[in-house]
Amino acid sequence: MKRRDFREKSQPLVMIIPMIDIMLFLLVFFMLSTIYMVQTNNFQVNLPHSESAEKEIKSNPISITVTKSGEIFYDDTKILSKNLPQLVNHALIQNGDAVFVLYGDRETQYEKIVGVLELLKKSGVRHVSIATEIKD
């Protein structure tokens, strides 16, 4: 039986290729996971269709959602319509060029959408987009 010599010191092997593979895997994983974190509207609404719809990319848009039942959500928070102006004013103080995106369910009463637009106009909002789906 051969005995091991503990005085002999061997250099550890550093394998670079598996480390590169792991780093690339982590990079791809984090890139893909951040794509799904950027979703601005988390509520299920049936948007109206439009042939002239364009995809608009602005930094940090603020979503306002009006559901089928007429509930209003400011980003992810359910609010009353009377509280919308103070939230909008607070957002405009932080960023004067804030972009608001209005997501309205296609079965929502038109009056509720117009009411939200009026509140935004009275609050001094200059940039409002209405979200639609592109017609096939």
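Here the structure is a predicted model, which is why all the values come from computation and not from measurement.

## As for the side chain of Ser123
Stage number 1. By the secondary structure assignment, Ser123 is in the loop between α3 (110-122) and β6 (127-130).
Stage number 2. One polar contact links the side chain of Ser123 to the main-chain carbonyl oxygen of Leu119, over a distance of 2.9 Å.
Stage number 3. Leaving out residues up to four positions away in the same chain, Ser123 has contacts with Pro85, Val88, Asn89 and Leu92.

## What about the environment of Glu107?
Stage number 1. Tracing the chain through its elements places Glu107 in the loop between β5 (99-104) and α3.
Stage number 2. Using a relative accessible area of 47% as the deciding quantity, one classes Glu107 as partly exposed.
Stage number 3. With 37 residues separating them along the chain, Glu107 and Gly70 place their C-alpha atoms 9.6 Å apart.
Stage number 4. Side chain to side chain, Glu107 and Lys68 meet in a polar contact 3.0 Å long.

## Some remarks on α3
Since the α-helix advances by 3.6 residues per turn, residues separated by three or four positions end up pointing in the same direction.
Stage number 1. Look at α3: 18 Å from first C-alpha to last across 13 residues, which is about the 18 Å you get at 1.5 Å a residue.
Stage number 2. Where α3 is buried, its residues touch β2 (62-66), β3 (72-74), α2 (84-94), β5 and β6.
Stage number 3. Downstream of α3 by one or two residues, Gly124 has phi in the positive range, about 90°.

## What to know about the packing of aromatic side chains
Stage number 1. Within the structure shown, the criterion is met by one aromatic pair.
Stage number 2. Summarising the aromatic geometry, the rings of Phe29 and Phe30 are spaced 5.3 Å apart at their centres and angled 70° between planes, so their arrangement reads as edge-to-face.
Stage number 3. According to the relative accessible area criterion, Phe29 is partly exposed, its value standing at 46%.

## Let's talk about the nonpolar core
Stage number 1. Of all hydrophobic cores here, the largest spans 17 residues; its most connected members are Ile64, Tyr74, Leu84, Val88, Phe100, Val116 and Leu120.
Stage number 2. Looking at this core, the element that brings in the most residues is α2, giving four residues.
Stage number 3. In this view, Val116 contacts Ile64, Val66, Ile72, Leu84 and Leu102; residues no more than four positions away in its chain are not counted.

What counts, and at which threshold
All chains use their own residue numbering, which begins from 1 and follows the written sequence. Side-chain atom pairs in this predicted model are given and counted only at pLDDT of 80 or more, local residue features only at pLDDT of at least 70, and totals for whole chains, interfaces and linings cover all residues. Only heavy atoms go into the side-chain values, all of them from the structure, while hydrogens and water stay out. Under the scheme used here, helices are H or I runs from DSSP no shorter than 4 residues and strands are E runs no shorter than 2 residues, and both carry numbers assigned from the N terminus. Counting of polar contacts relies on pairs of N or O atoms within 3.5 Å, with two restrictions inside protein: one atom must be capable of donating a hydrogen and the other of accepting it, and residues adjacent in sequence are counted only when both atoms are side-chain atoms. By definition in these notes, contact holds between two residues if any of their heavy atoms fall within 4.5 Å. Relative accessibility decides the category of a residue: with a 1.4 Å probe and only protein chains considered, values under 20% of the type maximum give buried, values over 50% give exposed, and everything between is partly exposed. A helix's residues, less one, multiplied by 1.5 Å, set its expected span. Any two of the Phe, Tyr and Trp rings considered here, Trp counted by its six-membered ring, make a pair once their centres fall within 6.5 Å; the pair's planes then place it as stacked at under 30 degrees, edge-to-face at over 60, or tilted in between. Here, nonpolar core means buried Ala, Val, Leu, Ile, Met, Phe, Trp, Tyr and Cys residues that are tied together by side-chain atoms lying within 4.5 Å of each other.

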